[in-house]
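Next come the chains, spelled out residue by residue.
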Amino acid sequence: MPDHLYESPDRELLLIRRFIADEGPAATLRWSLRLPRLCWLGIRIPAPRLGWPAGKKPGDVDVVGGPLVCRDRSAWLRARTEIRAQLPPVSQTVRDGADELFGRGHAKRSREGTIDQLATELLCARGQLRPSFEHMFAFEVKVAWFGRDSTLHGAKLGGSPQKMARKQARGLTRMGPDHVGLLRAVVTEPCTAPAGGAWMHAGAHASAAADAYEQAIRARVEDPFATIVASIGAVPGRREHLAGSLGVNVPILGQWQNPLRGEPEVERARERLRAAFANVLEDTAATRVPLLVLACAHTSCGALFVPARAIDPWQTLCPHCSGLTTVAPIENTVPPNDRLS
Ligand SMILES: [Zn+2]
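Below you will find a few notes about this structure.

The rules behind these values
- Residues numbered from 1 in each chain as written.
- Predicted model: local features only at pLDDT ≥ 70, side-chain atom pairs only at ≥ 80, totals over all residues.
- Buried ≥ 20, exposed ≤ 12 C-beta atoms within 10 Å, placed from the backbone.
- Helix = DSSP H or I, 4+ residues; strand = E, 2+ residues; numbered from the N terminus.
- Pairing = 2+ DSSP bridges.
- Core = buried A, V, L, I, M, F, W, Y, C linked by C-beta atoms within 7 Å.
- Domains from an automatic or database assignment.

1. Considering the pairing of strand S7 (residues 226-232)
Now for step 1: Of all seven residues that make up S7, seven are buried, and the element is covered over most of its length.
Now for step 2: The side-chain alternation of S7 yields two buried faces, one formed by Ala226, Ile228, Ala230 and Ile232 and the other by Thr227, Val229 and Ser231.
Now for step 3: As defined by bridge partners, strand S6 (residues 179-188) adjoins S7 across seven bridges and the pair is classed as parallel. Of the residues in S7, the one forming a bridge with Gly181 is Ala226.
Now for step 4: Direction of pairing for S7 relative to strand S8 (residues 252-254): antiparallel, over a ladder of three bridges. Counterpart to Thr227 in the pairing with S8 is Leu253.

Now the structure itself:
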């Protein structure tokens, strides 16, 4: 099974899985896409399931979502108090040292940040985080790859696929999310380098990849969505999201706010989008962050559902038709670097 993104038969889905939808801080593109830290995400949902006419762009929505919130302010304050009581105090020596190195008040701020983070995890464990539909975002994802020979590869280069990608993103703006993006990621073939130099080499190669890709994608300032160019470096024998040395470099072109909000037709589409997710997620407490919504792959069913927590969420039983639905293949359980050693 291929382990690097560039060699996958479905680079888009693998990139979404590893860099956007995975649990935990390894999903390093989430902040670049300005997603809320606590969020729900629909992944690769056929647009007709969201009330969008079949046959119109986009066919599938790669990523769509919104924030998870705790509506009970007193529960939030109680969780913070509980966490605060459990954290050991920071000694005066540590506080003084941190203030001297990073500026006055640094130790206090970082402690408050830790309390916030642990308190949200506590709320999640207690089932007090719920999806909100007041603010929604959507992304079209395109992935090209950059070879060792410093050339771009992938079927979606050239003028007409570029136009098509922009058309798909424009279609997303007509569905009414607040914030629409076209993520243009370029992944790289790992380069070999003299011992110890692989990380630096990967970063430099990724940066060259970003330059080449930016030339190729023909983003326009007048596009009603944001184009985000991200490049991801790779080293031999390790998956990109685990290897630590990433050249994620993110220039952004265009605009974040959907300028079509307010048009009656767009607002009607937004209401259908909201209703489709509200049907699945209303009264669902988040047991995982991000909370995932998938579409059953069986065409006779196609239901949207939240995958069960205990098993691989990407290959799971649909609760409606009981069919096994594979959104993404199971990953190798043994990371490649362990297999090599
Ligand atoms: Zn099904």
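That shown, we press on.
2. Considerations on the nonpolar core
Now for step 1: Ranked by internal contacts, the top residues of the largest apolar core, which has 80 residues, are Leu15, Val63, Ala138, Ala185, Val186, Val187 and Val293.
Now for step 2: Here this core gets eight residues from one element, more than from any other, and that element is strand S4 (residues 137-146).
Now for step 3: Among the domains, domain 1 (5-32 + 139-254) and domain 2 (73-128) are the pair contributing at least three residues each to this core.

3. Here's the deal with helix H3 (residues 92-102)
Now for step 1: Among the 11 residues of H3, zero are classified as buried, and the element is accordingly described as predominantly exposed.
Now for step 2: Looking one or two places after H3, you find Gly103, whose phi comes out positive at around 105°.

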